[in-house]
Each structure stands twice: as structure tokens, then as C-alpha cells.
Amino acid sequence: SSIKIYPNPTSTVLHVEGVEPGSTIELIDVLGRQCTTRQLSGGTVDVSGLIPGVYVVRVNGVVVERVVKE
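Residues numbered from 1 in each chain as written. Predicted model: local features only at pLDDT ≥ 70, side-chain atom pairs only at ≥ 80, totals over all residues. Heavy atoms only, no water.

A. Structural view of the nonpolar core. By size, the foremost hydrophobic cluster in this structure holds 14 residues, and its most contacted members are L14, V16, I25, L27, V45 and V57. Where this core is concerned, the elements lending two or more residues are β2 (13-17), β3 (24-29) and β6 (53-59). When neighbours within four sequence positions are excluded, L27 is seen to be in contact with L14, R33, Q34, C35, T36, V45, V47, L50, Y55, V56 and V57. (Core = buried A, V, L, I, M, F, W, Y, C linked by side-chain atoms within 4.5 Å. Buried < 20%, exposed > 50% of the residue type's maximum accessible area, 1.4 Å probe, protein only. Helix = DSSP H or I, 4+ residues; strand = E, 2+ residues; numbered from the N terminus. Contact = heavy atoms within 4.5 Å.)

The structure is reproduced here in C-alpha cells:
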């Protein structure tokens, strides 16, 4: 299965496709700190509260992509 995360870069919301509802989505900063963890329900993750930077996205513990928060 192919997971798509967009837009990248983003400032408010990440859209996640190809992931089962209820999957765990984590955003990890460049220092390895877990910045947000959510159960995916509607196919989006609100990133508006995160500081600008580069984040690694993990889905169910597996690194999927790097995203830039503007």
C-alpha cells in the first residue's frame, strides 16, 4: 500500500491517504522528540500548533516521510 502525505511543505494541515482509520500518526522533530501523536480518523492531521521545522512522520511506528512545517 502506498501512503501519501501532502501538502509538503505545510502550515496548517497534513492530509494522509492510504492509511487505515485508527492508525497512529506521530510527528518527530529533528532532535528525536515526539511532538504529536494522533489516531487518524478523518484523513488529516492538524500541525498548526507545531513550530516551523522539519518533522519525520511515522505511521504505526514506521517512518513514512519527512515534512516541512512552515
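That covers the picture; the talk isn't over yet.
B. Layout of the sheet that holds β3. With antiparallel pairing, four strands are arranged side by side in an open sheet as β4-β3-β6-β7. Edge strands, defined here as strands with exactly one partner in the open sheet, are β4 (34-39) and β7 (62-69). This sheet shows a mean twist of 20 degrees between the axes of neighbouring strands, independent of strand direction. Sheet topology places β3 next to β4; five bridges connect them, and they run antiparallel. When the bridges of β4 are listed, L27 appears paired with T36. (Pairing = 2+ DSSP bridges. Axes fitted to C-alpha atoms, helices over the stretch in contact; angles between N-to-C directions.)

Spatial relationships are all this shows, so hold off on functional conclusions.
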